[in-house]
Amino acid sequence: MVDTVVPHPLGIVRHVVPGSFDTAVAGVPVVHLPVATEASYGFDEVWTTGRPVQVEQVGDVIVGHEGEYAFAAVHVPAADEYAVAVRDSYLELLNAVIGLGYPEVFRIWNTVGRINEPNENGLEIYRDFCLGRAEAFDKLGTTLPAGTGVGSPVAGITVHLLSRRTRGQVAIENRRQVPAYEYPRQYGPRSPSFARATRLPETGQLFVSGTAGILGHATVHRDDLLGQIRVTAENLEVLTGDLQALTYVKVYVRSEHDLPTVRRECQRLFAPEASVVYVVTDLCRAELLVEIEGVAV
Ligand code: 3EB
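Predicted, not measured: the structure shown is a model, and the values here were computed from it.

Thresholds, definitions, all that
- Residues numbered from 1 in each chain as written.
- Predicted model: local features only at pLDDT ≥ 70, side-chain atom pairs only at ≥ 80, totals over all residues.
- Heavy atoms only, no water.
- Pairing = 2+ DSSP bridges.
- Helix = DSSP H or I, 4+ residues; strand = E, 2+ residues; numbered from the N terminus.
- Axes fitted to C-alpha atoms, helices over the stretch in contact; angles between N-to-C directions.
- Salt bridge = Lys/Arg side-chain N within 4 Å of Asp/Glu carboxyl O.
- Buried < 20%, exposed > 50% of the residue type's maximum accessible area, 1.4 Å probe, protein only.
- Parallel < 35°, antiparallel > 145°, perpendicular 65-115°, else oblique.
- Left-handed = near helix turned anticlockwise from the far one by under 90°.
- Contact = heavy atoms within 4.5 Å.
- Core = buried A, V, L, I, M, F, W, Y, C linked by side-chain atoms within 4.5 Å.
- Phe/Tyr/Trp six-rings, centres within 6.5 Å; stacked < 30°, edge-to-face > 60°.
- Polar contact = N/O pair within 3.5 Å; in protein donor to acceptor, adjacent residues only side chain to side chain.

Enquirer: Help me understand the sheet that holds strand E3 (residues 43-49) in this model?
Expert: Strand pairing within a sheet occurs via backbone hydrogen bonds; the two strands may be parallel or antiparallel. Across the sheet, 3 strands lie side by side as E2-E1-E3; this open sheet has mixed pairing. Each edge of the open sheet carries a strand with a single partner, namely strand E2 (30-33) and E3. Taking the axes of each pair of neighbouring strands and ignoring which way they run, one obtains an average angle of 15° across the sheet.

Below, the structure written as structure tokens:
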């Protein structure tokens, strides 16, 4: 009886200051993302469910699952070159949830350390990461989930996802943007593997990917924060139909100096009752100043 009313944590995403200590939470997968700063604070993002959660480790993958939904995560340690390790870790992550019976991955986050720096061979770490990720999705042939790809100051890559048992999620693209998986070669040897959003038909929830000031495949309003925020909001509006439908919003801001302006604009854009959190961190394209993700119901 109690299980129908008490939310059980399925997975906890702890946004921490780099170097802070890990903490134990019994019976829940906990992911530590070293993206908090003095200015943007740390916070916990807790994904909950109505059913009791079972936790297990499958190789290097930690999984929380409850019969219909799963939360899973893997960490790729710091390396000179990431593509092969990312491909293998992605395969391990996806195969773990497939093996436990939760093959329908509808949302994934990638926190990529030193994302805009070159790897040992001069390839930008984000592009190196995209290469390995694309090879993993090629191999499994799975539907691309909604995604986020952002930076962190700490080398190494953390990937966490939400998946479920039931098929039928709908991948959504934005008519103003080239699908990310069709971006041209100028952005790297392999395109980013994600859909702009996914909808779960049974619940009506829309999981909106990290969204930025990109039209077609080009970044617009370089060095113009307000311009990028405006185009990002327009892109989110196309995906959601109504910005007021976004109940959970996460805003990634490249520069701490832009945070007050971004906060002011977001307070104007989103519903007063929406939960809006801010993360100051690098973004996948060096010229992007802001990126916004969320969940709409
Ligand atoms: C973009 O639209 C902005 O590589 O997983 C947004 C969401 C972006 C996810 C990813 C990248 C990713 O291309 C960047």
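Enquirer: Please clarify how the pattern of salt bridges should be interpreted in this entry.
Expert: Two side chains bearing opposite charge may form a pair once their charged atoms approach each other closely. Going through the model one piece at a time under the given rule, you end up with 15 salt bridges. A salt bridge links Glu66 to Arg51; the nearest nitrogen and oxygen atoms lie 3.2 Å apart. Taken together, the residues span a long stretch of sequence, with Glu66 in the loop between strand E5 (61-65) and strand E6 (69-76) and Arg51 in the loop between E3 and strand E4 (54-58) at a distance of 15 residues. Judged by its relative accessible area of 7%, Glu66 falls in the buried class. Using a relative accessible area of 39% as the deciding quantity, one classes Arg51 as partly exposed.

Enquirer: Mind showing me how you'd approach the packing of helix H3 (residues 225-240) against helix H4 (residues 259-269) here?
Expert: Axis angle and axis distance: for two packed helices, these are the angle between their axes and the distance between the axes, and together they describe the pair. Where H3 contacts H4, the axes come no closer than 11 Å and their chain directions differ by 30°. Relative to H4, H3 is oriented roughly parallel. Crossing of H3 over H4 shows right-handed handedness. In this structure, H3 contributes Leu225, Leu226, Ile229 and Ala233 to the contact, and H4 contributes Thr261, Val262, Arg264, Glu265 and Leu269.

Enquirer: How do you make sense of the environment of Arg133 when you look at a structure like this?
Expert: Tracing the backbone through its elements, the reader meets Arg133 in helix H2 (residues 125-140). What makes Arg133 buried here is its relative accessible area of 2%. Considered as a pair, Arg133 and Val295 are 162 residues apart in the sequence and their alpha carbons are 24 Å apart. For Arg133, the contacting residues outside a window of four places in its chain are Val86, Tyr90, Asn110, Tyr126, Pro192 and Ser193.

Enquirer: Would you mind showing me how to read the nonpolar core here?
Expert: A general feature of soluble globular proteins is that nonpolar side chains tend to end up buried together. Ranked by internal contacts, the top residues of the largest apolar core, which has 57 residues, are Trp47, Tyr90, Leu93, Phe129, Ile157, Leu161 and Leu162. Leave out the neighbours within four places in its chain, and Tyr90 touches Ile108, Asn110, Phe129, Arg133, Ala136, Phe137 and Val159. Ile229, Val251, Leu259 and Ala271 belong to the second-largest nonpolar core, a separate cluster that totals 28 residues.

Enquirer: I would appreciate a short explanation of the packing of aromatic side chains in the present structure.
Expert: Each pair of aromatic rings is reported with the distance of its centres and the angle of its planes. The full count for this structure, using the stated rule, is 8 aromatic pairs. On the basis of an interplanar angle of 55° and a centroid distance of 4.9 Å, the ring pair of Phe106 and Phe207 is categorised as tilted. Of the two residues, Phe106 is situated in strand E7 (residues 104-113) and Phe207 in strand E12 (residues 206-211); the sequence distance between them amounts to 101 residues. Each member of the pair, Phe106 as well as Phe207, is classed as buried. These aromatic residues form a ring-pair network of at least three members: Trp47, Tyr69, Phe106, Trp109 and Phe207.

Enquirer: So what exactly am I meant to see when it comes to the side chain of Arg254 here?
Expert: In this structure, Arg254 sits in the loop between strand E15 (246-253) and H4. According to the relative accessible area criterion, Arg254 is buried, its value standing at 19%. A distance of 3.0 Å separates the side chain of Arg254 from the backbone oxygen of Leu283, its partner in a polar contact. Looking at Arg254, its side chain comes within polar contact range of the main-chain oxygen of Ala286, at 3.5 Å. Residues contacting Arg254, with those up to four places away along its chain left out, are Asn116, Val280, Thr281, Asp282, Leu283, Arg285, Ala286, Glu287, Leu288 and Leu289.

Enquirer: How do you make sense of the packing of helix H1 (residues 83-100) against H2 when you look at a structure like this?
Expert: The contact between H1 and H2 brings their axes to 7 Å, and the two run at 40°. Overall, the two elements H1 and H2 adopt an arrangement that is oblique. The two elements H1 and H2 meet at a crossing, and its hand is right-handed. Contact residues: H1 offers Ala83, Val86, Arg87, Tyr90, Leu91, Leu94, Asn95 and Ile98, while H2 offers Asp128, Phe129, Leu131, Gly132, Arg133, Glu135, Ala136, Phe137, Lys139 and Leu140.

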